[in-house]
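Architecture and fold: a report
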Amino acid sequence: MFIIKYKKIFIGISVALVAFSLLSMIVFGFNVGIDFKGGALTEVVYKTERPAQDTLDKSLIALGFGSVVLQPTGDLGYIVKTRDLSDQEHTTLLQTLSQNSTNPLTEMSFNSVGPTVGQELTRKAILAIILISLAIICFIAFAFRKVSKPVSSWRYGLIAIVSLLHDVVIPIGLFVILSHYYGAELDTLFVVAVLTILGLSVSDTIVIFDRIRENLRNQNTIAKVNFGEIVGKSLEQSYVRSICTSLTVILVLLALFFFGPVSTRYFALMLTAGMFFGTYSSIFLASPLLVLVEEWQKKPARNTKA
Amino acid sequence: MWKKIVLALIILVLGGGIALFVFKSEPRLNKNFSTTYSFLKNHPFRLGLDLSGGTHLIYKADISAVPAGQVGDSMNALRDVIERRVNLFGVSEPVVQVQHGGLVSGSTGERLIVDLPGVTDVKQAIEMIGQTPLLEFKTEAPTGTPQNATVDKDGKVTLDMSSQFVSTELTGRYLQKAILEFDTSTREPKVSLQFNDAGTKLFAEITKNNVGKMVAIYLDGAPISTPVVREEIPNGQAVISGSFTPTEAKLLVGRLNSGALPVPITLLSTQTIGAILGDSAVNAGVKAALIGFLLVVIFLILLYRLPGLIASLSLCIFISIILALFKLMPVTLTAAGIAGFIISIGIAVDANVLIFERIKEELRSGQTIHDSISAGFSRAWFSIRDSNISNFITAIILFWFGTSLIKGFALTLGMGVIISMFSAITITRIFLGVFSFIGEGKVARFLFNSGLAK
């Protein structure tokens, strides 16, 4: 199996992608949305003509709401980002946007999140991430409890977690780049996407590990089998189904991305990336790593003999 | 053999029935919907605020004055009052719920969440809730309490009223009704209050203990009337006479009667979605679901031929069951919820892919079609189980922790995972069983083999 033969190259590609993602996170930083940091987002569409951005900018700054970000949307619309607004401030803002009712507009959506609500959500999100990671680690340990030779079961778990991190870090890196260039914001759905990727990706790795487990069990009678060969054979037998199961999910995700609601667009894109790299990692990262670990295990044993 | 065919037919008819129910109970798809059975009428899809348009408000309840054991009661009373308020304005299907503080919900205090479908005017929405008056009765502070007096630059001394009075247990929640009256001699409007039994007792006690002293009546945190008690009032009647205009007095009576708030609330966050935005999100969601479904069906049939066709049939039944459950439970659908449902379409056929790949493998190793099918199902089971468990864990924890947005996604995804195990394994197996007459000929082997690889 060529994947096992050239395992160092494939592992290298993964390492490079992860490093690149981490780097983009450090360089660009996270563009945190109002869900977490609090603030208000108002979307309006003008009935006839959209006023120039400069004109509105001036009158908005005069309101004294601090920094106001104005983004054009569609042909006639604006998205206005401010700090969280009270009822009266909201009315004043609409009044200003409609240029004192001379330019009629429709308010498409208004979302104001107080800072305490944002902090609560952040806490909740962190707690959910920790709990789901713990649950999945426990589940991996449980799923691989029976495989112990020649690579012990907790190493399967560890490798599954390494590939899990890989699958999460790359889409996050992608998101950070997107948010830098297209203004996507880190919101509640982003957290949901990360957590869903965790679930989807581990299931994919398990399909292949399950096959290795089965082949190991069947060949236990033959004394000395090359572990790398068994993994290679298992990969050969299962990479088609691994790709196919991911493809069905990717197909629906692409449908969601291209045709679905605007609000879930980045969500679908992140999940697609997560699915793609999840499949990639279970074939090109997790299994080669397994062989690499086994080889490292053998080396010191040989040295002591010599 | 006949048994298998009958079983398959029963499932087909049941599946068709469920699909018919889903179709017939949707107002948009049926022309004469108003004349249909009430059972069908009562089960349209329930759309969340982001799809139907409306307002979502989060309030913080100030429970600092409520004794620890009564927090739950007060919050429920608060919810009832606000529900009554909202119903008064004729909002259809409002949702008013209490979110208790604690580790599980991740919030630091008591919250009240109000969903108002169809109300896109935030100002109006906040008014209908927030203007409910908070009525309090306070008694004079014992003599000797330090008083906060401020001296402004002109040398005028103002006394801070709040330190002069202390709160009592008597609040607007003990109010039975308020009536607008006019003073017979001065013609000034006044508001007379009638307390309920518990309130009457409290009021009697307060008046008894404070004969000759002032009792302050506070409305929304400000004193509106500070009458001096002349004698104990045992019948639970009080009168507020301030400098009201008749209109003000009338408004106050209306507001008091619709229920005074047991605890004060402040608005924390607002979310409003216009109906147009919601509509386009629904259309986009339906379109994405249809296209996603078609892509999966094409993929299955191209790759797995006959079994792929059968898996597509099970997928149709899966979708009917899920949609029927959305209606019957009912599940409130949001954009994220629809995304969860669409993803579950993709996950639903995962089990089929695993089984069919296994069947192909068994076929290649020279087994008969019949044996390959049973081996395929039994051997693929473990990886199906394991791979679904991890998704299910994620869905459960997300549901447990989530805000309403996350809950919608977790619920639809979790339901999808469970029901897909049933449809992809049991239903597909029953349908495949019917095809055992196909024999072992060349055509049969072609139909059961892969469409793209050899």
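Residues numbered from 1 in each chain as written. Chains lettered and ligands numbered in written order. Predicted model: local features only at pLDDT ≥ 70, side-chain atom pairs only at ≥ 80, totals over all residues.

**Digging into the overall build of chain A**
Each helix and strand counted, chain A has 10 helices and 4 strands in total. Counting from the amino terminus, helix and strand elements in chain A follow one another as α-α-α-β-α-β-β-α-β-α-α-α-α-α. For 306 residues, the compact-globule estimate of 2.2 N^0.38 gives 19 Å, and the C-alpha radius of gyration of chain A, at 25 Å, exceeds that figure by more than 25%. Taken over the C-alpha atoms alone, chain A extends approximately 85 × 35 × 30 Å along its principal axes. Put simply, chain A has 306 residues, and 47% of those count as buried. Put simply, 78% of the contacts in chain A that link residues at least 6 apart link residues at least 24 apart. (Helix = DSSP H or I, 4+ residues; strand = E, 2+ residues; numbered from the N terminus. Rg over C-alpha atoms; globule rule 2.2 N^0.38 Å. Buried ≥ 20, exposed ≤ 12 C-beta atoms within 10 Å, placed from the backbone. Contact = placed C-beta atoms within 7 Å.)

**Here we look at the overall build of chain B**
Across its full length, chain B carries 13 helices and 15 strands. Burial status across chain B gives 43% buried among its 454 residues. Counted over contacts in chain B with a minimum sequence separation of 6, partners at least 24 positions apart contribute 73%.

**With respect to unusual backbone geometry**
Here M329 of chain B and P330 of chain B are connected by a cis peptide whose omega angle stands at -20°. Inspection of the secondary structure puts P330 of chain B in the loop between α8 (275-328) and β15 (332-333). Backbone geometry places Q99 of chain A, a non-glycine residue, at a positive phi of 50°. The topology assignment puts Q99 of chain A in the loop between α5 (87-97) and β4 (105-113). Unlike most non-glycine residues, R305 of chain B shows phi in positive territory, near 50°. Of note, R305 of chain B is situated in helix α8. On the basis of neighbour counts, which here come to 17 C-beta atoms within 10 Å, the residue R305 of chain B falls in the partly exposed class.

**Details of the packing of helix α11 (residues 369-401) of chain B against helix α12 (residues 404-434) of chain B**
Residues and elements named next belong to chain B. Across the interface, α11 lies against α12 with an axial gap of 9 Å and an inter-helix angle of 170°. Taken together, the axis directions place α11 and α12 in an arrangement best described as roughly antiparallel. Residues I373, F377, N388, N391, F392, A395, I396, L398 and F399 of α11 lie in contact with α12, whose contacting residues are I406, K407, F409, A410, L411, L413, G414, V417, M421, R429 and L432. (Axes fitted to C-alpha atoms, helices over the stretch in contact; angles between N-to-C directions. Parallel < 35°, antiparallel > 145°, perpendicular 65-115°, else oblique.)

**Some thoughts on the domain arrangement of chain A**
For chain A, the assigned domains are domain 1 (2-33 + 116-305) and domain 2 (39-113). For domain 1 of chain A and domain 2 of chain A, the distance between their C-alpha centroids amounts to 43 Å. (Domains from an automatic or database assignment.)

**A look at the interface of chain A and chain B**
Listed per partner, the contact involves 58 residues of chain A and 57 residues of chain B. For the side of chain A that touches chain B, the elements supplying multiple residues, two or more each, are α5, β4, α6 (115-143), α8 (188-218), α9 (227-259) and α10 (265-305) of chain A. Ranked by residues supplied to the side of chain A that touches chain B, first place goes to α6 of chain A with 14 residues. Residue composition of the side of chain A that touches chain B, by class: 34 nonpolar, 17 polar and 7 charged. As judged from the 4 bridges shared by β4 of chain A and strand β14 (residues 265-273) of chain B, these two strands associate in the antiparallel manner. Within β14 of chain B, the position partnered with N111 of chain A by the bridge is Q271 of chain B. (Nonpolar A, V, L, I, M, F, W, Y, C, P; charged D, E, K, R; others polar. Pairing = 2+ DSSP bridges.)

**Digging into the sheet that holds strand β2 (residues 54-61) of chain B**
Adjacent strands of a sheet pair through backbone hydrogen bonds, lying either parallel or antiparallel. Pairing is antiparallel across the open sheet formed by 8 strands, whose spatial order is β2(A)-β3(A)-β1(A)-β4(A)-β14(B)-β2(B)-β4(B)-β3(B). Since the sheet does not close on itself, it has two edges, and those belong to β2 (69-73) of chain A together with β3 (95-99) of chain B, each with one partner. Sheet twist, expressed as the average angle between the axes of neighbouring strands with direction ignored, equals 20°. By the bridge criterion, 5 bridges tie β3 of chain B to strand β4 (residues 111-117) of chain B in an arrangement that is antiparallel.

**Details of the sheet that holds strand β13 (residues 237-240) of chain B**
All names here are of chain B. The strand order β9-β10-β13 describes an open sheet built from 3 strands, whose pairing is antiparallel. Edge positions in the sheet fall to β9 (175-182) and β13, since each of these pairs with one other strand and no more. Looking at each pair of strands side by side, their axes are set apart by 25° on average, direction ignored. Bridge analysis of β9 against strand β10 (residues 189-195) gives 7 bridges, and the strand direction is antiparallel. Across the sheet, residue A178 finds its bridge partner in β10, namely L193.

**Some details on the nonpolar core**
Ranked by internal contacts, the top residues of the largest apolar core, which has 180 residues, are V252 of chain A together with A339, I342 and L398 of chain B. For this core, the leading source of residues is α8 of chain B, giving 20 residues. Look past the residues within four positions of A339 of chain B in its chain and what remains in contact with it is L256, G260, T264, F267 and A268 of chain A together with F409 of chain B. (Core = buried A, V, L, I, M, F, W, Y, C linked by C-beta atoms within 7 Å.)

**Considerations on the pairing of strand β11 (residues 215-219) of chain B**
On a regular strand, each side chain points to the face opposite its neighbour's, so the side chains alternate between the two faces of the sheet. Residue and element names in this part refer to chain B. Most of β11 sits out of view: 5 of its 5 residues are buried. Residues V215, I217 and L219 line one face of β11 and the alternating positions A216 and Y218 line the opposite face, and both faces are buried. Pairing of strand β5 (residues 135-140) with β11 involves 5 bridges; the strand directions are antiparallel. What sits directly across from E136, in β11, is Y218. As defined by bridge partners, β11 adjoins strand β12 (residues 222-225) across 3 bridges and the pair is classed as antiparallel. Directly across from I217, in β12, lies its bridge partner S225.

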